[in-house]
Each structure stands twice: as structure tokens, then as C-alpha cells.
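One letter stands for each residue in the lines below.
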Amino acid sequence: MMNDTSVVTRREFVRLFTVAATASMVGSRMSYSTMLAQISNSGLPSGFFHIRISDFPALQKNSGSVRLGINRVASNQPTGGNYPIIINRESAMVFHALDSECTHASCVVGAFVAGASVCPCHASRFGIDGRRLAGPAALPLKKLPITFDGADLLSLEIPNLGFTVTGSPVVSGAKSRLMLSFPSTLGAEHELMFRENLNLPWGSIRFATTLEGTADKTFIAGNDRVLKIYADRSAESGFYAVTVKVKPV
Ligand code: FES
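Cut-offs used in this document
Residues numbered from 1 in each chain as written. Predicted model: local features only at pLDDT ≥ 70, side-chain atom pairs only at ≥ 80, totals over all residues. Helix = DSSP H or I, 4+ residues; strand = E, 2+ residues; numbered from the N terminus. Buried ≥ 20, exposed ≤ 12 C-beta atoms within 10 Å, placed from the backbone. Contact = placed C-beta atoms within 7 Å. Pairing = 2+ DSSP bridges. Axes fitted to C-alpha atoms, helices over the stretch in contact; angles between N-to-C directions. Core = buried A, V, L, I, M, F, W, Y, C linked by C-beta atoms within 7 Å. Domains from an automatic or database assignment. pLDDT = per-residue confidence, 0-100.

When helices and strands are tallied, the protein chain shows one helix and 20 strands. By residue count, 39% of the 249 residues in the protein chain fall in the buried class. Partitioning the intrachain contacts of the protein chain with sequence separation of at least 6 by distance along the chain shows that 58% fall at a separation of at least 24.

Listed below in C-alpha cells is the structure:
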């Protein structure tokens, strides 16, 4: 928990964010899910996805499929650095998460429709679990571990897809603020979440993009650079997390 900002060290911030990262992130919005920002100071971090089935009608029936991404797809390639993820529902309790990068020549494969995910470049076809069905691709799509809580929540952890957030207390006039810094991705939308304790749900909070600016922003667009945002401290203690929106692409 966050105490007096004047004595919060970098190490403590890392621990705080680690706590936030491992907690359930279920504050998705209609038609969106969010990936909780990473939270580690060593190695390449993982991205944690928490997806509500109730937000995606396609996943509410067997053989349904959705392709989710951080950045858009154009000319059969991702417009940013991340390939979308294909989520397929095989049956009531069986889901598959697949990397959409075609194993032939790296075009983005489509969602599972009418019995196959089809690559738009050379027509390789893949099954609901990613297996190769036909075409020049020699290998199946890469599978990603996914779990289902049996009710509404899917959880995925994707190695190397997270990002590191660092934080430090700053003073803006009479206000005590928290500066958060993180690498962004072109085409991504970032949101700042807060909760006062682990028993409360995450909620979006507003932030400023300059030290002295008004904290009136709810989203900031990624640009492949390190971004800095500033949040007013409204509580004595709490947890902060930076998320990136994942949307159908
Ligand atoms: S890139 Fe997918 S079939 Fe060639």
C-alpha cells in the first residue's frame, strides 16, 4: 500500500505495481478488454489479459471467434509492433488462444469463420485449435495458454507483451502528484486505473500529461515513445495500474 509519498522508494513502487498486475483486472468496457500494464523491473514482462465473454457476443456460442489487438491491421500486417490474438470457443468449456501471425510468411490470419481461420496472403487455413488444415504454411498457429473461470472470465498471460511502469512522487504547486512513466505502442490507447484496496474493483481515473496541467484526460494515445502522465493523489493509499486497450481488429 502506498503511504507517505516522500518515503516511497522506487523498489516499493515496483512492488506496488506487481501487486496490481497480479490482481484480477475485470474493469473492461463494452466491446473492449484491457491488458494490465506490466509490472516488473527485470527481464521482459508478460502482458496479462482479462477478457469478459459477456463483452463479446461471438464468444457466447460454440465455434465463435474474435480477433483482438492493441493496434490495427492494414495490408495484412499489424500497424504497430503487436500481432492480434485470436480467441476461439470450441465448446462450452474449451477455449483456444492463438497468435495470429501466419507461420508461412507472417501475414495476419483472420478470425475463425466457417470452419477455418484463413490467411489472406496465400490462403493457408487453420483449425479452431490452430492446427494447419491446408495451404503453404507448414506449422500450426502458435497456441497461448488460456484459462476460463467457468462463468465469464478468460485469462491469458502473454510473455514479452507487457511493459514496465515506473512511478515517482512529484509536487505541482500545492498538489501532491504521482508521475507514471511507461513505454507506449503506436496505435495503442492507455488508461490509468486506481483502487484504494485489493477488495475494491479497479476504476478509471483522470490524469494530466504535464506536471502543471489539469488532470482531465482519461486516455492517452501511444506513439512508440516513453509517455509520462500525472495523477492527483486523492487517497492516502491505493494501487495504480496502467492498462492498454485491446479491441476487436
Ligand atoms: S503468409 Fe500466410 S499463407 Fe503465406
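Right, let's talk about the environment of alanine 74 for a bit. Turning to its location among the elements, alanine 74 is positioned in strand 4 (residues 73-74). Of the residues examined, alanine 74 has 10 C-beta atoms within 10 Å and is grouped as exposed. Separated by 34 residues in sequence, alanine 74 and valine 108 place their C-alpha atoms 9.2 Å apart.

Here we take up the sheet that holds strand 10 (residues 132-134). On the basis of which strands lie adjacent, the open sheet formed by three strands has the order 8-9-10 and antiparallel pairing. Two strands close off the open sheet at either side, each with one partner strand: strand 8 (117-118) and strand 10. Note: strand 9 (residues 125-126) against strand 10, two bridges, orientation antiparallel. By the bridge assignment, arginine 125 is partnered in strand 10 with alanine 134.

Turning our attention to the sheet that holds strand 14 (residues 166-172). One key point about sheets: their strands pair by backbone hydrogen bonds, in either a parallel or an antiparallel sense. The strand order across the open sheet formed by three strands is 14-15-19, and the pairing between neighbours is antiparallel. Of all strands in the sheet, those bounded by a partner on one side alone are strand 14 and strand 19 (226-232). With strand direction ignored, the average angle separating the axes of adjacent strands in the sheet is 30 degrees.

Of the pairings in the sheet, the one linking strand 14 to strand 15 (residues 175-183) comprises seven bridges and is antiparallel in character. Along strand 15, the bridge assignment pairs proline 169 with leucine 178. With seven bridges connecting them, strand 15 and strand 19 associate as antiparallel partners. From the neighbouring strand, arginine 177 faces strand 19, where its bridge partner is aspartate 232.

Right, let's talk about the environment of arginine 131 for a bit. Inspection of the secondary structure puts arginine 131 in the loop between strand 9 and strand 10. Look at arginine 131 and you get partly exposed, because 13 C-beta atoms sit within 10 Å.

Ile86, Ile87, Ala97, Val109 and Leu154 are the most contacted members of the largest nonpolar core, which totals 34 residues. Both domain 1 (5-45 + 162-248) and domain 2 (48-158) contribute no fewer than three residues apiece to this core. Look past the residues within four positions of isoleucine 87 in its chain and what remains in contact with it is Ile51, Leu59, Ser65, Val66, Leu68, Phe95, Ala97 and Leu154. Counting 17 residues, the second largest nonpolar core, distinct from the first, contains Val165, Leu180, Phe239 and Tyr240.

On average, residues of the protein chain carry a pLDDT of 78, and 78% of them reach 70 or more. Residue range residues 1-44 is modelled with pLDDT below 50. Its contacts to residues more than four positions away, or to other chains, number 98 contacts.

The phi dihedral of serine 63 is positive, around 70 degrees, even though this residue is not glycine. Counting through the fold element by element, serine 63 comes out in the loop between strand 2 (47-52) and strand 3 (65-69). Taking the number of C-beta atoms within 10 Å as the measure of exposure, serine 63 has 14 and is therefore partly exposed. Positioned with a positive phi, serine 75 is a non-glycine residue whose angle comes to about 50 degrees. Locating serine 75 in the fold gives a position in the loop between strand 4 and strand 5 (77-78). A count of 9 C-beta atoms within 10 Å places serine 75 in the exposed class.

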